[in-house]
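Fold and geometry: a report
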Amino acid sequence: MLSRNGGPPAATDAGWKDTVDVRPYEVVDVLVRFEGYRGRYMLHCTTWSTRTWR
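Residues numbered from 1 in each chain as written. Predicted model: local features only at pLDDT ≥ 70, side-chain atom pairs only at ≥ 80, totals over all residues. Heavy atoms only, no water.

1. Overview of the overall build of the chain
Filter applied, for reference: Working definition: helices are DSSP H or I runs of at least four residues, strands are E runs of at least two. Numbering for both runs from the N terminus. Partly exposed residues are those whose accessible area sits between 20% and 50% of the maximum for their type, while under 20% is buried and over 50% is exposed, using a 1.4 Å probe and protein chains only. Where accessible areas are quoted, they stem from the Shrake-Rupley method and a 1.4 Å probe; at the residue level, only the protein chains shown are allowed to cover.
In terms of helices and strands, the chain carries zero helices and two strands. The buried share of the chain, taken over its 54 residues, is 7%. For the chain, the accessible surface area stands at approximately 5700 Å², while carbon and sulfur atoms represent 54% of it.

Below is the structure:
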C-alpha cells in the first residue's frame, strides 16, 4: 500500500497483502506487480454491506 487518504499507510498496512480493508469514503493507493503471466488481470472490489450473512 502506498497511501491511505493521501497520507502514509498505518503500521497495520505494512507488508504484502492480498486484501485491503477500505472503509466508506476512504481512498487507498496500491502498487501491484504482475509477473509470470502475459494476459489480462482482474482486480475485484466487494462491498460487504451487499452480502447476505446467515
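2. Things to note about unusual backbone geometry
Phi angles above zero are rare outside glycine, and asparagine 5 is one such case at about 55 degrees. Among the secondary structure elements, asparagine 5 is positioned in the loop between strand 1 (3–4) and strand 2 (28–29). If you check the backbone angles, tyrosine 25 has positive phi at about 70 degrees while not being a glycine. Looking at the secondary structure, you find tyrosine 25 in the loop between strand 1 and strand 2. Accessibility expressed as a relative area gives 84% for tyrosine 25, which makes it exposed.

3. Regarding the side chain of aspartate 13
Heads up, the rule is: Within 3.5 Å is the distance limit for a polar contact, defined as a pair of N or O atoms, with the added protein rule that one can donate a hydrogen and the other accept it, and that residues adjacent in sequence qualify only through two side-chain atoms. Contacts were defined at the residue level, with two residues in contact if any of their heavy atoms lie within 4.5 Å.
Here aspartate 13 lies in the loop between strand 1 and strand 2. Looking at aspartate 13, its side chain comes within polar contact range of the side chain of arginine 4, at 3.0 Å. With residues up to four places along the chain from it excluded, the contact list for aspartate 13 reads Met1 and Arg4.

4. Quick look at the side chain of arginine 4
Looking at the element boundaries, arginine 4 is found in strand 1. Here the side chain of arginine 4 touches glutamate 26 through a polar contact of 2.9 Å, side chain to side chain. Here arginine 4 is in contact with Pro9, Asp13, Val20, Asp21, Val22, Glu26, Val27 and Val28, once residues within four sequence places are set aside.

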